[in-house]
Structures are given as C-alpha cells and as structure tokens.
Amino acid sequence: MAAIHITDIEAAINHWRERAPATAGAALAPEISALGEVYARMVFHHEDEVDEASLPAPARAAWLAWYDTTPDTPCIAICSTSQGDDWCKGCGRSFDEVQFWPAMDPAEKRAVWRRITLEHTAWRFNRYAERAAEGPSVAAPP
C-alpha cells in the first residue's frame, strides 16, 4: 500500500469539519477525532507521510469517505500518451500511470495527484483547462 501525505490528512479533517462543525461544549465528530490523532502523531514525529496500512480503522474509513468526494482522475480528455508521449501533456501522468490508473489504490492515486499538482506543468493547470471547463464559446450575433 502507498503512503498518505499529511496534506491529504489535513484536507480530510477540513472536509469533516465542514460536514460536522463543533458546537460549544460538543465533542468532535468521530471522523475528526480519528484523523486528528493520526495528524498529531505525524506532526509530533515530523513525518510527511503515513503508511495507509498503519491507519487505525476509523481514521482509514474517514479518509476513504473524504477520498470518495475528490475527483477520481486528473484526465482532461487530451491524452498525449495515446500519441506516443511518455508523459501526458494534458494531465501530467506517466504512460504507466494512465494505463494502470484503474488498478491503483486510493493512496497511490492521491500520490500521483500530489505530484502533478506540485509540478503544475500539465495543461490541466493552465488557461486551456479553464476554457475547456467553460464549454464551447458562442459567437456573438453579426
């Protein structure tokens, strides 16, 4: 199993904080407590990643529930690996990552997402991706 980065633990905690905000005198939601314990241990030990297999069951369940709310694939439907490139210009994944994506576990997929986000070189991160999301432009009437 792959490792989960601390930023994903933070994102999952924030997801659960939005879904189950604490009120005066109320205990934290169980998902926040489970993930918070993992996060605190990571900070205490100066660790950036935690092995997915080492997560306590409640923390893993809370993380997976958050993961299910994230986009599954970075694909923007412009795959240059199908044209022979080793790295896709559209999403930033390697040929192997594109091919084996369906077989990857959630932590492996999040590791790829983290890498391509940090690299920030794929077309999905430039103005082209924004225009594609807007849909076809409508020409002004003459």
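Residues numbered from 1 in each chain as written. Predicted model: local features only at pLDDT ≥ 70, side-chain atom pairs only at ≥ 80, totals over all residues. Heavy atoms only, no water.

Asker: How should the pattern of salt bridges be read in this particular structure?
Answerer: Close approach of charged atoms allows side chains with opposite charge to pair. Counted by the stated rule, this structure contains seven salt bridges. Its salt-bridge partner being R60, residue E52 comes within 2.9 Å of it at the nearest N-O pair. One salt bridge in this structure joins D72 and K109, with 3.1 Å as the shortest N-O distance. Of the two residues, D72 is situated in the loop between α3 (57–67) and α4 (95–100) and K109 in helix α5 (residues 106–119); the sequence distance between them amounts to 37 residues. D72 sits in the partly exposed class, given a relative accessible area of 41%. With a relative accessible area of 9%, K109 lands in the buried category. Three or more residues are tied together by salt bridges with common partners; here these are E97, R115 and E119. (Salt bridge = Lys/Arg side-chain N within 4 Å of Asp/Glu carboxyl O. Helix = DSSP H or I, 4+ residues; strand = E, 2+ residues; numbered from the N terminus. Buried < 20%, exposed > 50% of the residue type's maximum accessible area, 1.4 Å probe, protein only.)

Asker: Any chance you could explain α5 here in plain terms?
Answerer: Because an α-helix packs 3.6 residues into every turn, residues spaced three or four apart end up facing the same way. Here α5 is 14 residues long and its end C-alpha atoms lie 20 Å apart, about the 20 Å a rise of 1.5 Å per residue gives. Sitting at the head of α5, D105 places a side-chain oxygen 3.1 Å from the backbone nitrogen of A107. H120 occupies a position one or two residues after α5 and carries a positive phi of about 55°. (Expected span 1.5 Å × (residues − 1). Polar contact = N/O pair within 3.5 Å; in protein donor to acceptor, adjacent residues only side chain to side chain.)

Asker: How should I be thinking about the packing of aromatic side chains in this particular structure?
Answerer: Two aromatic rings, taken as a pair, are described by how far apart their centres are and by the angle between their planes. Under the definition given, this model contains two aromatic pairs. With 5.9 Å between their ring centres and 50° between their planes, W63 and W66 make a pair best called tilted. With W63 and W66 both in helix α3 and three residues apart, the pair spans about one turn of that helix. Looking at W63, the relative accessible area reads 0%, which means it is buried. On the basis of relative accessibility, which here comes to 6%, the residue W66 falls in the buried class. A cation over a ring is seen here: R93 above W101, with NZ or CZ 4.8 Å from the ring centre. Just above the ring of F125 sits the side chain of R124; from NZ or CZ to the centre is 5.8 Å. (Phe/Tyr/Trp six-rings, centres within 6.5 Å; stacked < 30°, edge-to-face > 60°. Lys NZ or Arg CZ within 6 Å of the ring centre and 35° of its normal.)

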